[in-house]
Amino acid sequence: MPHVDIGGSVMGKLYMGFDAGTQSVKVAVYDEQFRLVTSRSLPTSLTYPQPGWVEMDVNTYLDNCVVCMAETTSELRRLGFDPKDVSAIMGDGIICGIVGIDENADPVTPYINYLDSRTMADVETINAKKLDIWSRETGNPEASPMFPAMFARWFIANSEAFRTKGVKFVHNAPYILMRLAGLKGKDAFIDWGAMSGWGLGYDVQKKCWSEEQLHILGIDPQYMPTIRKPWDIVGGLCEAMSVRTGLPAGIPILAGAGDTMQSMLGSGVFEANQGVDVAGTCAMFCVSTSGIVPELSKPGMGLIFNSGTLPDSYFYWGFVRTGGLSLRWFKDHVARHEGDGSYYGTLSEGAAKVPAGAGGVQFLPYLTGGYGEEKEASGCFLNMTMDDNQFVMWRAVLEAIGYDYMGLADSYRAAGVPLKRITVTEGGSRDGLWNQIKSNMLGAEVVRFENPGGAVLTNCVFGAYAAGDLEGVDDVKAALGSVIKRSGVYKPEAALTRRYRELFENRQKLVREDLKAAFSRLVKMRAIH
């Protein structure tokens, strides 16, 4: 328990964590009881140089993180804490995204993440090989344009800067962590959870790179970062970053973790067969397992398999790439309330008065392109009349993500995974209307747990583990369990579940059959200048 010394400063250990997400970077400090002391966040920015391309500057992540760290350090001093009591720094980041770096760990390529679909043609080439090594070693039967393995192939083929100067590929959180520690390119690392974000190129259960897969992919193993445990100490805060952040040099820097993995742990998902809706920028519907489930690792399932942060933990997930981003796009560019986060509440308050099904109005959330059977799909609203307004449209946006979730839920249940209860996490979980819509659409109880810290708090708990303040994995689980409280339960209404099922079946036929030729024509029209 923190206490005050004779000089008036607050004593006790502190832990700093960060989350480097698609839309923002957040830094927070927690005390030894895992109570929030202070936090800061800054937005990121994305650029769209060509249709289907999405790029970021990885140094924006680093600079945002450093600024937030400096501001939290100043706030610690103002509150009477001593920054030297920060015992560890750990971060998490996007699992499907990489940047190429040179020998000094400086970026030589843009940072490309899961929103980008430039590798679609290459994905089809890889999948045409129909190799079973993918599902056998990774649990992923097919390549995806979201996979860093495909981005690496693209960089090798198209980036002269990487071919001449590149030494490693790294994710965004490890990039930040290695720069905080002053490491060089040769020291690049990745934790075993984020490793599985590569999609291909590794053995998920042995926690190592697969030389056979990398050979097939044409990726030289020398470009791959060293695989570490999430809580491994990779170095100490370097002098240059000590000056920029105001923290004392030498604070242990950990290897970090994937954002989805930490969000699941922060929601109390410690065992297999638990459903989780990670309602972030990429809406992800996950199910925890004890290993590869052959029925879920078949071609055409549209699911991705990953390793969790904890030993022997795994999960499958399906996704709507622009799920959360669609919400932000609608608020900012359709409702014209950019920068006003409170307007989400206004939209949902109005949408709550709109009947389930939005009167047949449909939104297709493929704003950065489709995938699989809907690879040529684009974002659009359908079936609107003069009677419809932004609240009808907003409900259609919320339901659009739910329709994609229904298809995923059908796959999980067909494989024998029970989905009677689903936990929701991340920013979207705060919307009561959306939680109720999901409950009705999925025919399952939806539960929200209060853990305001989310992935960042989870990182701080692992910081305590690395610092020796927690003795083992069971202590990590207990610490997380102590700060998670149930804050909402949403039960399905049978009549609405039946209504959504009928709408879902019609929507599937509409998107996969009726609109297929229209989407192809629209793709051609985009190329007319």
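Everything below is about the structure printed above this text.
Residues numbered from 1 in each chain as written. Predicted model: local features only at pLDDT ≥ 70, side-chain atom pairs only at ≥ 80, totals over all residues. Heavy atoms only, no water.

1. Considering the state of the cysteines
Okay, step 1: With the rule as written, the count across this model stands at 0 disulfides.
Okay, step 2: Cys68 forms no disulfide, and the closest cysteine sulfur to it belongs to Cys65, at a distance of 6.9 Å.
Okay, step 3: For Cys68, a relative accessible area of 0% corresponds to the buried category. (Disulfide = S-S within 2.5 Å. Buried < 20%, exposed > 50% of the residue type's maximum accessible area, 1.4 Å probe, protein only.)

2. Looking at the pairing of strand β18 (residues 275–279)
Okay, step 1: For β18, the tally of buried residues reaches 5 of 5 residues, placing the bulk of the element in the interior.
Okay, step 2: By the alternation rule, side chains of β18 split into Gly275, Asp277 and Ala279 and Val276 and Val278, which are all buried.
Okay, step 3: Sheet topology note: the β18/strand β19 (residues 283–289) ladder contains 5 bridges and is antiparallel. Opposite Val276, over in β19, you have Cys286 as the bridge partner. (Helix = DSSP H or I, 4+ residues; strand = E, 2+ residues; numbered from the N terminus. Pairing = 2+ DSSP bridges.)

3. Let's talk about the sheet that holds strand β8 (residues 97–101)
Strand pairing within a sheet occurs via backbone hydrogen bonds; the two strands may be parallel or antiparallel.
Okay, step 1: Within the open sheet, the 4 strands sit side by side as β6-β9-β8-β10. Their pairing is antiparallel. Of all strands in the sheet, those with a lone pairing partner are β6 (55–56) and β10 (168–170), marking the two edges.
Okay, step 2: Of the strand pairs in this sheet, β8 and strand β9 (residues 111–113) are connected by 2 bridges, and their pairing is antiparallel. Paired with Gly97 across the bridge in β9 is Asn113.
Okay, step 3: Sheet strands touched by helix α4 (residues 148–158): β8, β9 and β10. Its angle to β8, the strand with the most contacts, is close to 35°.
Okay, step 4: Each of β8, β9 and β10 touches helix α6 (residues 172–180); the most contacted strand, β10, lies at about 110° to it. (Contact = heavy atoms within 4.5 Å. Axes fitted to C-alpha atoms, helices over the stretch in contact; angles between N-to-C directions.)

4. Some words on the side chain of Thr423
Okay, step 1: With respect to the helices and strands, Thr423 occurs in strand β24 (residues 421–425).
Okay, step 2: Not counting the four nearest positions on each side in its chain, Thr423 is found in contact with Ser267, Gly275, Val276, Asp277, Val447 and Phe449.

5. Considering the sheet that holds β24
Okay, step 1: As summarised here, the arrangement of the 7 strands in space is β20-β21-β19-β18-β24-β25-β26, forming an open sheet in which the pairing is mixed. Strands at the two margins of the open sheet, each flanked by one partner only, are β20 (304–307) and β26 (485–490). Going from strand to strand, the sheet's axes swing by 30° on average, the running direction of each strand aside.
Okay, step 2: Strand direction decides the pairing type here: β19 and strand β21 (residues 314–320), joined by 7 bridges, are antiparallel.

6. A word on the nonpolar core
Okay, step 1: Grouped together as the largest cluster of nonpolar side chains are 143 residues, with contacts concentrated most on Phe18, Ile89, Leu180, Trp198, Phe285, Trp317 and Tyr412.
Okay, step 2: If sequence neighbours within four positions are ignored, Trp317 has contacts with Ile95, Cys96, Met146, Met284, Phe285, Cys286, Gly302, Leu303, Ile304, Asn306 and Tyr412.
Okay, step 3: Phe34, Phe449, Ala464 and Ile484 belong to the second-largest nonpolar core, a separate cluster that totals 26 residues. (Core = buried A, V, L, I, M, F, W, Y, C linked by side-chain atoms within 4.5 Å.)

7. Overview of helix α13 (residues 390–414)
Okay, step 1: Along its 25 residues, α13 runs 36 Å from first to last C-alpha, staying within 8% of the 36 Å computed at 1.5 Å per residue.
Okay, step 2: Here α13 lies mainly inside the structure; 19 of its 25 residues are buried.
Okay, step 3: Note on α13: the residue one or two positions beyond its end, Gly416, has a positive phi of about 90°. (Expected span 1.5 Å × (residues − 1).)

8. Comments concerning the packing of helix α12 (residues 343–351) against α13
Okay, step 1: Interhelical geometry of α12 versus α13 gives an angle of 95° and a closest axis separation of 8 Å. Comparing the axis directions of α12 and α13 gives the class roughly perpendicular. Between α12 and α13, the residues in contact are Tyr343, Tyr344, Thr346, Leu347, Ser348, Gly350 and Ala351 and Gln390, Phe391, Trp394, Arg395 and Leu398, respectively.
Okay, step 2: Here the residues of the contact of α12 with α13 sort into 7 nonpolar, 4 polar and 1 charged. (Parallel < 35°, antiparallel > 145°, perpendicular 65-115°, else oblique. Nonpolar A, V, L, I, M, F, W, Y, C, P; charged D, E, K, R; others polar.)

9. Concerning the environment of Lys353
Okay, step 1: By secondary structure assignment, the location of Lys353 is in the loop between α12 and β22 (362–364).
Okay, step 2: Look at Lys353 and you get exposed, because its relative accessible area is 72%.
Okay, step 3: Sequence separation of Lys353 and Ile528 is 175 residues, and the distance between their C-alpha atoms is 41 Å.

10. Considering the packing of aromatic side chains
Okay, step 1: Scanning all chains against the criterion turns up 23 aromatic pairs.
Okay, step 2: Where Phe155 meets Phe169, the ring centres are 6.2 Å apart and the plane angle is 20°; that geometry is what we call stacked. Of the two residues, Phe155 is situated in helix α4 and Phe169 in strand β10; the sequence distance between them amounts to 14 residues.
Okay, step 3: Each ring, one from Trp198 and one from Trp209, has its centre 5.7 Å from the other, and the planes form 80°; the classification is edge-to-face. In this pair, Trp198 sits in the loop between α7 (192–195) and β12 (202–203) while Trp209 sits in strand β13 (residues 208–209), placing the two residues 11 residues apart along the sequence. (Phe/Tyr/Trp six-rings, centres within 6.5 Å; stacked < 30°, edge-to-face > 60°.)

11. A closer look at the pattern of salt bridges
Okay, step 1: Under the criterion given, the structure shown has 23 salt bridges.
Okay, step 2: Residue Asp85 pairs with Lys84 through a salt bridge whose shortest N-O separation is 3.7 Å.
Okay, step 3: Using a relative accessible area of 54% as the deciding quantity, one classes Lys84 as exposed.
Okay, step 4: Each of Arg40, Glu71, Glu75 and Arg78 takes part in salt bridges that share partners, so that together they form one network. (Salt bridge = Lys/Arg side-chain N within 4 Å of Asp/Glu carboxyl O.)

12. Considerations on the packing of helix α14 (residues 432–442) against helix α17 (residues 494–514)
Okay, step 1: For the pair α14 and α17, the least separation of the axes is 7 Å and the interaxial angle reads 75°. By the angle class used here, α14 and α17 are roughly perpendicular. Contacts between α14 and α17 pair Ile437, Asn440 and Met441 from the former with Leu496, Thr497 and Tyr500 from the latter.
Okay, step 2: Within the contact of α14 with α17, the residues separate by chemical class into 4 nonpolar, 2 polar and no charged.

13. As for unusual backbone geometry
Okay, step 1: Phi at Lys130 is positive, roughly 50°, even though this residue is not glycine.
Okay, step 2: Inspection of the secondary structure puts Lys130 in the loop between α2 (120–127) and α3 (133–138).
Okay, step 3: A residue is classified by how much of its surface remains accessible, and Lys130, at 74% relative accessible area, is exposed.
Okay, step 4: For Asn273, which is not a glycine, the phi torsion comes out positive at approximately 70°.
Okay, step 5: Structurally, Asn273 can be placed in the loop between α10 (259–266) and β18.
Okay, step 6: Judged by its relative accessible area of 44%, Asn273 is partly exposed.

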